[in-house]
Amino acid sequence: LYCKLHVLPYNRRLDTKKSLLNILKGHFGSTPIDAITPQGIAKFVASRKSEDLNNKTINRNLAALHHVLGWAVKKGYLEENPAERIDHLREIEWVGERPDESVIDEVFAKLDPRVLPVFTFIRETGCRKGEAITLDRSQIDFARAQVVFHSNTKNGRSRQVPLTESALCSIAAMPKHADTVFYHPNTLRHWTSDTVAVPWEKARGEAGYDRLRIHDLRHAFGIKLAEEGCPMHYISEVLGHHS
């Protein structure tokens, strides 16, 4: 029911979600939903640890389980969510190098011009990769030169982001061939998280910056706003952060 009523209509990365659910099914598949306990979840965590997985991966499993059980509570199948009593494991945060504008320019110079628009849009709006590749034309307000991110945001909160001239040009560079603004130039189908990574990884390799991620474009956007004197609450709103 969760897959049918929630995942299929709302999740933009079905392959990732299904793989997470398959992991949960492998462990809890024979357990009635109302028989899942905090102790049972703790055993699941211990089982995942025994597989030599890092804490970040296990936390993703816990987050998926928490969401499934939270949905079950919302629909009346459970009275309370047992996963709420389980703390996430401590993760070691990796802090990469500061995403320098000149480095980003070098990587952009190696990109196929046909795929440049989607990366330009991410760079100019600070949006998440998933928000860009699922962007619909109805979200663009050309009169006010802004984009509205709503259902495809990570935290589910809507936000409005001003569009620079470069961002508007990146949209204009994409003829209407698909249901999304940005799409693969060969297949004319919308990008996926995996396919959009291919040209980026090729370009960053050719430029000699193998560790530069697409997500670093978002970081660079936030740094640029801060250096230009934008208030922190504005940067938080534009990036879609809770705090």
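Refer to the structure printed above.
The paragraphs below set out a description of the structure included in this document. From a predicted model like this one, the values you see are computed outputs, not experimental measurements. (Residues numbered from 1 in each chain as written. Predicted model: local features only at pLDDT ≥ 70, side-chain atom pairs only at ≥ 80, totals over all residues. Heavy atoms only, no water.)

Points about the pairing of strand β3 (residues 159-162)
So, step 1. Burial along β3 is one-sided: R159 and V161 are buried, while Q160 and P162, pointing the other way, are not.
So, step 2. By the bridge criterion, four bridges tie strand β2 (residues 146-149) to β3 in an arrangement that is antiparallel. Within β3, the position partnered with F149 by the bridge is R159. (Buried < 20%, exposed > 50% of the residue type's maximum accessible area, 1.4 Å probe, protein only. Helix = DSSP H or I, 4+ residues; strand = E, 2+ residues; numbered from the N terminus. Pairing = 2+ DSSP bridges.)

What about the packing of helix α2 (residues 14-28) against helix α3 (residues 38-50)?
So, step 1. For the pair α2 and α3, the least separation of the axes is 11 Å and the interaxial angle reads 115 degrees. With respect to their mutual orientation, α2 and α3 come out roughly perpendicular. Of the two possible hands of crossing, α2 and α3 adopt the one that is right-handed. Counted together, I23, L24, H27 and F28 of α2 and G40, I41, K43, F44, S47 and R48 of α3 form the full contact between these two elements.
So, step 2. Of the residues assigned to the contact of α2 with α3, the class counts are five nonpolar, three polar and two charged. (Axes fitted to C-alpha atoms, helices over the stretch in contact; angles between N-to-C directions. Parallel < 35°, antiparallel > 145°, perpendicular 65-115°, else oblique. Left-handed = near helix turned anticlockwise from the far one by under 90°. Contact = heavy atoms within 4.5 Å. Nonpolar A, V, L, I, M, F, W, Y, C, P; charged D, E, K, R; others polar.)

Digging into the pattern of salt bridges
So, step 1. Inspection of every chain in the model, using the stated rule, returns ten salt bridges.
So, step 2. A salt bridge links E80 to R85, with the nearest nitrogen and oxygen atoms 2.9 Å apart.
So, step 3. One salt bridge in this structure joins R159 and E131, with 2.7 Å as the shortest N-O distance. With R159 in strand β3 and E131 in helix α7 (residues 129-133), this residue pair connects regions lying 28 residues apart in the sequence.
So, step 4. Judged by its relative accessible area of 6%, R159 falls in the buried class.
So, step 5. Residue E131 is classed as buried on the basis of its relative accessible area of 0%.
So, step 6. Put simply, E101, D105 and R123 are held in one network by salt bridges that share partners. (Salt bridge = Lys/Arg side-chain N within 4 Å of Asp/Glu carboxyl O.)

Quick notes on the environment of R204
So, step 1. Position of R204 relative to the elements: it lies in helix α9 (residues 193-207).
So, step 2. Each C-alpha atom of the pair R204 and L20 lies 29 Å from the other, and the pair is 184 residues apart in sequence.
So, step 3. Beyond its immediate stretch of four places on either side in the chain, R204 contacts V107, Y209, D210, R211, L212 and R213.
So, step 4. In this structure the side chain of R204 is engaged in a polar contact, spanning 3.1 Å, whose partner is the backbone oxygen of D210. (Polar contact = N/O pair within 3.5 Å; in protein donor to acceptor, adjacent residues only side chain to side chain.)

Concerning the sheet that holds strand β1 (residues 140-141)
So, step 1. Ordered by their spatial adjacency, three strands build an open sheet running β1-β2-β3, and the pairing between neighbours is antiparallel. Each edge of the open sheet carries a strand with a single partner, namely β1 and β3.

With respect to the layout of surface pockets
So, step 1. Within this model, the second largest pocket holds a volume of roughly 470 Å³.
So, step 2. Along its surface, the second largest pocket is lined by 18 residues, and L1, Y2, L21, I33 and V68 are the ones closest to its centre.
So, step 3. Within the residue set of the lining of the second largest pocket, elements represented by two or more residues are α1 (2-10), α2 and α4 (55-74).
So, step 4. Here the lining of the second largest pocket takes five residues from α4, the largest share from any one element.
So, step 5. Among the residues forming the lining of the second largest pocket, the class breakdown is 15 nonpolar, two polar and one charged. (1 Å grid on protein atoms, 1.4 Å probe; cavity = no way out; pocket = protein on both sides within 12 Å on 5 of 7 lines; lining within 4 Å. Points joined across faces, edges and corners; volume = space filled by probe spheres on them.)

Observations concerning empty space enclosed by the protein
So, step 1. This structure, assessed with the given rule, holds one cavity of 30 Å³ or more.
So, step 2. Considering the residues around the largest cavity, the lining is formed by R114, V115, V118, M174, F182, Y183 and W191.
So, step 3. For the lining of the largest cavity, the per-class residue count stands at six nonpolar, no polar and one charged.

Structural notes on helix α5 (residues 101-110)
So, step 1. Among the residues of α5, those classed as buried are V103, I104, V107 and F108. The buried residues of α5 all sit within an arc of 140 degrees when viewed along its axis, so they share a single face.
So, step 2. Buried residues in α5 make contact with α6 (116-125), α9 and α10 (215-227). (Arc of directions from axis to C-beta.)

Section: the side chain of H184
So, step 1. Topologically, H184 is positioned in the loop between α8 (165-172) and α9.
So, step 2. From its side chain, H184 meets the backbone nitrogen of T187 in a polar contact 3.5 Å long.
So, step 3. If near-sequence neighbours (up to four positions away) are discounted, H184 is found in contact with R189 and W191.

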